[in-house]
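# Structural overview
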Amino acid sequence: MTPPTPPQRTPKPDWAIAFKKRREEVVGSQEEFAIRADISQSLVSQIERGVQNPTGVSAERFARILEVLQWTVAEFSEATGIETLAAARQGGLPTRPRS
């Protein structure tokens, strides 16, 4: 009898790795990030595991996430590889670097 094969882990998407790296550099813990961005720690975890795409949240939440990470939409797109121009135009998110 052959022993059961353990489930294979799906590798994290590059955008999830980039998101976590930035969060660790700028904020520190998931809990602190969640407090500052006014989102749940569970959502932060889902994004960092690649389960939830950060652009799949409301425009308001996405804007808060970018603000806390100190990223413009363009910087987010460059770091994560996720195209966000359409979301930025529709949601009124900042597309120019802050001064």
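Note: the structure precedes this text.
Residues numbered from 1 in each chain as written. Predicted model: local features only at pLDDT ≥ 70, side-chain atom pairs only at ≥ 80, totals over all residues. Heavy atoms only, no water.

## Some remarks on the pattern of salt bridges
To keep things clear, this is the line we draw: Any carboxyl oxygen of Asp or Glu within 4 Å of a side-chain nitrogen of Lys or Arg constitutes a salt bridge here. Secondary structure is summarised from DSSP: a helix means a run of H or I of at least four residues, a strand means a run of E of at least two, and numbering begins at the N terminus for each. Accessibility here uses a 1.4 Å probe with only protein chains present; expressed as a share of the type maximum, an area under 20% marks a residue as buried, one over 50% as exposed, and anything in between as partly exposed.
Within this structure, the stated rule accounts for 3 salt bridges. The partner of Arg36 in a salt bridge is Glu32, with the nearest N and O atoms 2.9 Å apart. Here Arg36 and its partner Glu32 are both found in helix 2 (residues 30–37), 4 residues apart, which amounts to about one turn of the helix. According to the relative accessible area criterion, Arg36 is partly exposed, its value standing at 46%. The partner of Arg64 in a salt bridge is Glu60, with the nearest N and O atoms 2.8 Å apart. Within this pair, Arg64 and its partner Glu60 are both found in helix 4 (residues 59–69), separated by 4 residues, close to a single helical turn. Exposure remark for Glu60: the relative accessible area of 57% places this residue in the exposed category.

## Comments concerning unusual backbone geometry
Backbone geometry places Asp38, a non-glycine residue, at a positive phi of 55 degrees. Inspection of the secondary structure assignment puts Asp38 in the loop between helix 2 and helix 3 (41–48). We note that Gln70 has phi near 55 degrees; this positive angle belongs to a residue other than glycine. Classification of Gln70 by relative accessible area gives exposed; the value is 51%.

## Examining the packing of aromatic side chains
The condition is simple: A pair of aromatic rings is counted whenever rings of Phe, Tyr or Trp (Trp by its six-membered ring) have centres within 6.5 Å, and the orientation is called stacked for planes under 30 degrees apart, edge-to-face for over 60 and tilted otherwise.
This model, assessed by the stated rule, comprises 3 aromatic pairs. Relative to Phe76, the ring of Trp71 has its centre 5.7 Å away and its plane inclined at 70 degrees; by these criteria the two rings are edge-to-face. Residue Phe76 is classed as buried on the basis of its relative accessible area, which comes to 0%. Feature note: the residues Phe62, Trp71 and Phe76 constitute an aromatic cluster, connected by ring pairs.

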